[in-house]
Each structure stands twice: as structure tokens, then as C-alpha cells.
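# Structural characterization, general
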2 protein chains.
Amino acid sequence: MHQKNPWTIKDSKAIYQNAWIDVTEYDVLNPAGKPGIYGKVHFKNIAVGVVPITPDMQTYLVGQYRFTIDAYSWEIPEGGCPESTDPLQTAIRELKEETGLVAAKYKELMRLHLSNSVSDELAIIYLATELKQEDAAPEETEALQIKKVSLSDAFGLVADGTITDAMSVAALTKIELLQVQGLLI
Amino acid sequence: MHQKNPWTIKDSKAIYQNAWIDVTEYDVLNPAGKPGIYGKVHFKNIAVGVVPITPDMQTYLVGQYRFTIDAYSWEIPEGGCPESTDPLQTAIRELKEETGLVAAKYKELMRLHLSNSVSDELAIIYLATELKQEDAAPEETEALQIKKVSLSDAFGLVADGTITDAMSVAALTKIELLQVQGLLI
């Protein structure tokens, strides 16, 4: 097992940064010892997702137009968490803002590295249950749609390829697996 | 349903490019009409993944040290496909190079947008069955380890958090779901 880092960094150059990412180009020797460059995108936030599940097996999906892919996307509630703060607090805040839901119970469902050929983006996804409905307060910049759907309809939107967001697909597929195995909630 | 793009692009600036990505900063009006910037990472390749399954329910995992996350990562066989070429041909080539396997049957399992808050990276993942073993020829730059494991062991590595690569987690979870439902192969 080669657990040791086989890459050698010879130099690095800061290329770009904004509030969400920075981009650095590294001069490297690759694992074969050959010189090359590696452009790495560092994420300043952890991507937090949360899947709320009601006692009657309903969940909530968030719809928004994704600038990057130039397409509308239905997803589980998601938000960014600065690395120094608690991801669970971000899950609680995002769920409340986007859906008005407050959950008595949170459980971590999974951690993902979303795009590890180029970035260090980490996602943490929670299950939220024992829900109470309060008022939503979505950020005005977000132009979100919120839709309450049955879990089985959400699974169908994954199966038929309507939902393509990786965090949403991984989380909903895992939840369907747990349900089929009798292990959900 | 707001399916129309609510973002307005006022200007754009090319920031960086290499063989794999380019980074552009856009001056935008967000969906609320407020000015801001959006840094977008465009991927020049589609991420292709392929899960080979043998008749006795074994699969192959690929281990490599991921530069971006500074950690060793076990994943399904994956490779980059230039946007102008056929993703299935990339799957066939990567599977042969990394494991020496040639499959008589390929089936698309899923498509994912891996990191849609910042990038347009698309992943396409295939199931490969009816396998024949030939010689592997991994690229020397890659320093890969190849491991043949039972599907149930692979599912276990997802469940216990050892495997965190989003494509691998989504694909293996979907395959476990199909197996539990009696729908696999």
C-alpha cells in the first residue's frame, strides 16, 4: 500500500481567488518523477446537504437555476459552511432558511469528495427527522423553489435522471437503499 | 416553474487555463438583480467511471494518492474523456488500461454534475459485464494500485466511509440498491 504522497511540489503560484474558491498552480514531479503542473481549486467552504424526512415519508427538494451548468437543477437542501464553523450548524441553518423546517434529530449520512481530480471540495450530508414546520426565509439572491415530495417520488427523479447533482443523487440513493433494507429511521 | 436563466452576464474575464480546466470570472446580476461576480471552473473533459462486475460478483477498485485532497483514495476505475469524443470509448479504454478487462456488455448507470456551485463537471458512469481478462497497461504517471474485491466488500468500504470519491459512492450505492431490489444484471 502506497499511502505516502508520491507527488513532489517544486513551486506554486497563486492564480485567483474569490469569496468561495482559490486556484493555485503547482509545479510538480508526478508519481513517475516527471515534471508537470497541477492546477488545484481549493474550496473555502464545506458543502453541506441535508435531507429532511417527515413521519409520512415526505421530503423537500430545492429548485434553482445553476449558473455553472446553465440548467435548472432540483436538489436536496444544500449550503456552504466556512471551514472553521460546525457543518451541523450549517445544515440546521440552511434547512430552516430554505424550508422553514426545524429538526429534533440529525444524523450524518455520508461524506464525499466531490471532484478530487481538480478540487478539495468536501461534502457532508445529514438526515434530519422529527421535523417541526416554522417560517422559511430564503436568501433573496437565491431565487429558490421549494417542493414537498414523497420520498418515492424523489427516488424516481434520481432513477429517471432528472436529478443529476452528485450530493443529491448519492444521498437519495443511500436513503432508498436504507429504506429497502429496513434500516431507515 | 422558473426554467429561464435568471442570471445576467455583464462581462467576463479569462483567468486561467491548463490542459484540464479553465477558470473564468463573470460579472453578473444575480437572480435578485444585484451585481456580483461568479468564478466558474470549466472542465475540458467529461469524467467517465466504469464499474466492472464479474459473474461471481467481484469488482475492481483503483487506489491512488489524490494530489488535491492530500490523501490516498480507493475508487472505481475512472478517466477523463475530451468533450468531443465518445464517453463509452473512454470507459472501454480506461477499464482495459487500468485492469486489463474487456467487457462484452456496457450499460450507462448514471450521470452526475459533480460540483455545480462552481464547475460544469459532468460524470458518466457505466456498468461493465461479461468480462474477459487481458493485459493491463496503466499510464506510468498514475502510480495506481488495482484491487479485485467482492461487491459486498466494496459496498462495505462505502458504508464505513473508506471510499469518499463522489462518483464511486454514488455508483456503488446504486449498484447495491439494484442488487437488493433484484434488478442487478
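Residues numbered from 1 in each chain as written. Chains lettered and ligands numbered in written order. Predicted model: local features only at pLDDT ≥ 70, side-chain atom pairs only at ≥ 80, totals over all residues.

## Brief notes about the domain arrangement of chain A
Residue and element names in this part refer to chain A. Filter applied, for reference: An automatic or database domain assignment provides the domain bounds reported here. Placing a C-beta atom from the backbone of each residue, one calls two residues in contact when those atoms lie within 7 Å. Amino acids are sorted into nonpolar (Ala, Val, Leu, Ile, Met, Phe, Trp, Tyr, Cys and Pro), charged (Asp, Glu, Lys and Arg) and polar (every other residue, Gly among them).
Annotation of chain A at the domain level lists domain 1 (8-43) and domain 2 (45-180). Inter-centroid distance (C-alpha atoms) of domain 1 to domain 2 is 31 Å. Contacts between the two partners involve five residues from domain 1 and, on the opposite side, five residues from domain 2. Across the side of domain 1 that touches domain 2, the residue classes tally to three nonpolar, one polar and one charged.

## As for the nonpolar core
This is how it is decided: A set of buried residues drawn from Ala, Val, Leu, Ile, Met, Phe, Trp, Tyr and Cys, joined through C-beta atoms within 7 Å, is what defines a nonpolar core. Field definition: a residue is buried when 20 or more other C-beta atoms are found within 10 Å of its C-beta, exposed when 12 or fewer are, and partly exposed for counts in between, with C-beta atoms placed from the backbone.
One finds Ala170 of chain A together with Ala170 of chain B to be the most contacted residues of the largest nonpolar core, which totals 73 residues. Those residues within four positions of Ala170 of chain B in sequence are excluded, and the remaining contacts are Ala166, Val169, Ala170 and Thr173 of chain A together with Met110 and Leu112 of chain B. Grouped together as the second largest cluster of nonpolar side chains are ten residues, Val23 and Val41 of chain A together with Phe43 and Val118 of chain B included.

## With respect to the sheet that holds strand E10 (residues 145-150) of chain B
Residue and element names in this part refer to chain B. For the record, the criterion: We call two strands paired when DSSP finds no fewer than two bridges between them. Starting at the N terminus, helices and strands are each numbered in turn, a helix being any DSSP run of H or I of at least four residues and a strand any DSSP run of E of at least two. Every axis in this analysis is a line fitted to C-alpha atoms, fitted for helices over the stretch in contact. Angles between the N-to-C directions lie between 0 and 180 degrees.
Taken in spatial order, the three strands line up as E6-E5-E10 in an open sheet, and their pairing is antiparallel. Here the strands that pair on one side only, and so sit at the sheet edges, are strand E6 (71-75) and E10. Taking the axes of each pair of neighbouring strands and ignoring which way they run, one obtains an average angle of 30 degrees across the sheet. Direction of pairing for strand E5 (residues 58-66) relative to E10: antiparallel, over a ladder of six bridges. Looking at E10, one finds that Val62 is bridged to Ile146. Across the sheet, helix H2 (residues 151-159) is in contact with E5, E6 and E10; its angle to E10 comes to roughly 110 degrees.

## Regarding the interface of chain A and chain B
It is common to report an interface's size as the accessible area lost on association of the parts. Contacts between the two partners involve 56 residues from chain A, matched on the other side by 56 residues from chain B. Looking at the side of chain A that touches chain B, the elements with two or more residues in it are strand E1 (8-17), strand E2 (21-29), strand E3 (35-43), strand E5 (58-66), strand E6 (71-75), strand E8 (101-113) and helix H3 (166-180) of chain A. In terms of residue class, the side of chain A that touches chain B is made up of 26 nonpolar, 18 polar and twelve charged.

## Focus on the environment of Phe155 of chain A
Residue and element names in this part refer to chain A. Among the secondary structure elements, Phe155 is positioned in helix H2 (residues 151-159). Phe155 gets classed as buried once you count the C-beta atoms within 10 Å, which come to 21. C-alpha separation for the pair Phe155 and Thr59, spaced 96 residues apart in sequence, amounts to 11 Å. Apart from residues no more than four positions distant in its own chain, Phe155 is found in contact with Leu172 and Glu176.

## Structural notes on the relation of the copies chain A and chain B
Filter applied, for reference: What sets the superposition is a least-squares fit of C-alpha atoms, and only residues with pLDDT of at least 70 in both copies go into it.
Laying chain A over chain B is done by rotating through 180 degrees and shifting 0.0 Å along the axis; what remains is an RMSD of 0.0 Å. What the superposition gives is, in effect, a two-fold axis relating one chain to the other. No C-alpha of chain A approaches the rotation axis more nearly than that of Ala170 of chain A, which lies at 2.3 Å. An overlap of 100% is found between the interface residues of chain A and their copies at the interface of chain B, pointing to a shared contact surface.

## Things to note about H2 of chain A
Residues and elements named next belong to chain A. Quick note on the threshold: Here the arc refers to the directions that run from the helix axis out to each C-beta atom.
Taken as a whole, H2 has its buried residues at Ala154, Phe155 and Val158. Along H2, the residues classed as buried sweep out an arc of 100 degrees about the axis, all on the same side. Packing partners of the buried residues in H2 comprise E5, strand E10 (145-150) and H3. At the exit of H2 stands Gly161, carrying a positive phi of roughly 85 degrees.

## Re the packing of H3 of chain A against helix H3 (residues 166-180) of chain B
Threshold: Note on terminology: angles under 35 degrees are roughly parallel, angles over 145 are roughly antiparallel, angles of 65 to 115 are roughly perpendicular, and the others are oblique. The sense of a crossing depends on the near helix, which, turned anticlockwise from the far helix by less than a right angle, makes the crossing left-handed and, turned clockwise, makes it right-handed.
As a packed pair, H3 of chain A and H3 of chain B sit with axes 9 Å apart at the nearest point and diverge in direction by 30 degrees. Taken together, the axis directions place H3 of chain A and H3 of chain B in an arrangement best described as roughly parallel. For the crossing formed where H3 of chain A meets H3 of chain B, the hand is left-handed. Where H3 of chain A abuts H3 of chain B, its residues Ala166, Val169, Ala170, Thr173, Lys174, Glu176, Leu177 and Val180 of chain A lie against Ala166, Val169, Ala170, Thr173, Lys174, Glu176, Leu177 and Val180 of chain B. For the contact of H3 of chain A with H3 of chain B, the per-class residue count stands at ten nonpolar, two polar and four charged.

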